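# Notes for the structure review
One-letter residues, chain by chain:
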Amino acid sequence: MQPHNSNDCNICTVTIKLAASLILAVLALCGCQNAPKQGLIVESKEKEATERLNLNTATVAEIEKLPDIGPKLAAKIVEHREKFGPFRKTSDVILVHGMSDGRFRKIRDVVTVR
C-alpha cells in the first residue's frame, strides 16, 4: 500500500465537487430542482388536495372548465355520479362514456374524489 499523498486527496475533492455540480446541472435541466423539500411534502399534499376539483361534489360548470372536457362530457360525469354514487378513486371517471385514457391523463393531476 502506498503512503497517503495530499495531492490525491485534492484530486478526490475536486472530482467530488465536479460530480456534484454535474448532478445539479442535470437536475436543473430536467426541472427536478423544484421538488419539494422533505419537510414540506405533507404541507404540499394538503395544499394540492384543496386546489384540486372534487369530482364527487363539482357542478357541471366546474367540471367543464377542466382540460379537454366539454359541456356534454361534464354532464355525463355528473349523471354517472348521481346514478352510480360517488367515485371511489379518480381513475373511476374513465367508466363514464366518452372519457378516454388520454382525457383522464390530462385531468388526473387536477382532480380528486375526497
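Definitions and limits used
- Residues numbered from 1 in each chain as written.
- Predicted model: local features only at pLDDT ≥ 70, side-chain atom pairs only at ≥ 80, totals over all residues.
- Heavy atoms only, no water.
- Helix = DSSP H or I, 4+ residues; strand = E, 2+ residues; numbered from the N terminus.
- Expected span 1.5 Å × (residues − 1).
- Buried < 20%, exposed > 50% of the residue type's maximum accessible area, 1.4 Å probe, protein only.
- Arc of directions from axis to C-beta.
- Contact = heavy atoms within 4.5 Å.
- Core = buried A, V, L, I, M, F, W, Y, C linked by side-chain atoms within 4.5 Å.

## Some words on helix α4 (residues 71–84)
When the terminal C-alpha atoms of α4 are compared, their 20 Å separation across 14 residues agrees well with the 20 Å that a helix rising 1.5 Å per residue should span. Listed as buried for α4 are Leu73, Ala74, Ile77, Val78, His80 and Arg81. Down the axis of α4, the smallest arc covering the buried residues is 155°, so these residues share one side. Residues of α4 that are exposed and point more than 90 degrees away from the buried face comprise Lys72, Glu79, Glu82 and Lys83. The secondary structure elements touched by the buried residues of α4 are α3 (60–64) and α5 (101–107).

## Considerations on the nonpolar core
Judged by nonpolar contacts, the single largest core of 18 residues is most densely connected at Ile63, Leu66, Ile69, Ile77, Val93 and Met99. Contributing elements (two or more residues each) for this core: α4 and α5. Sorting elements by how many residues they give to this core places α4 first, with four residues. Not counting chain neighbours up to four residues away, the residues in contact with Ile63 comprise Leu53, Ala58, Ile69, Ala74, Ile77, Val78 and Arg81.

Everything listed is a geometric property; what it means functionally is a separate question.
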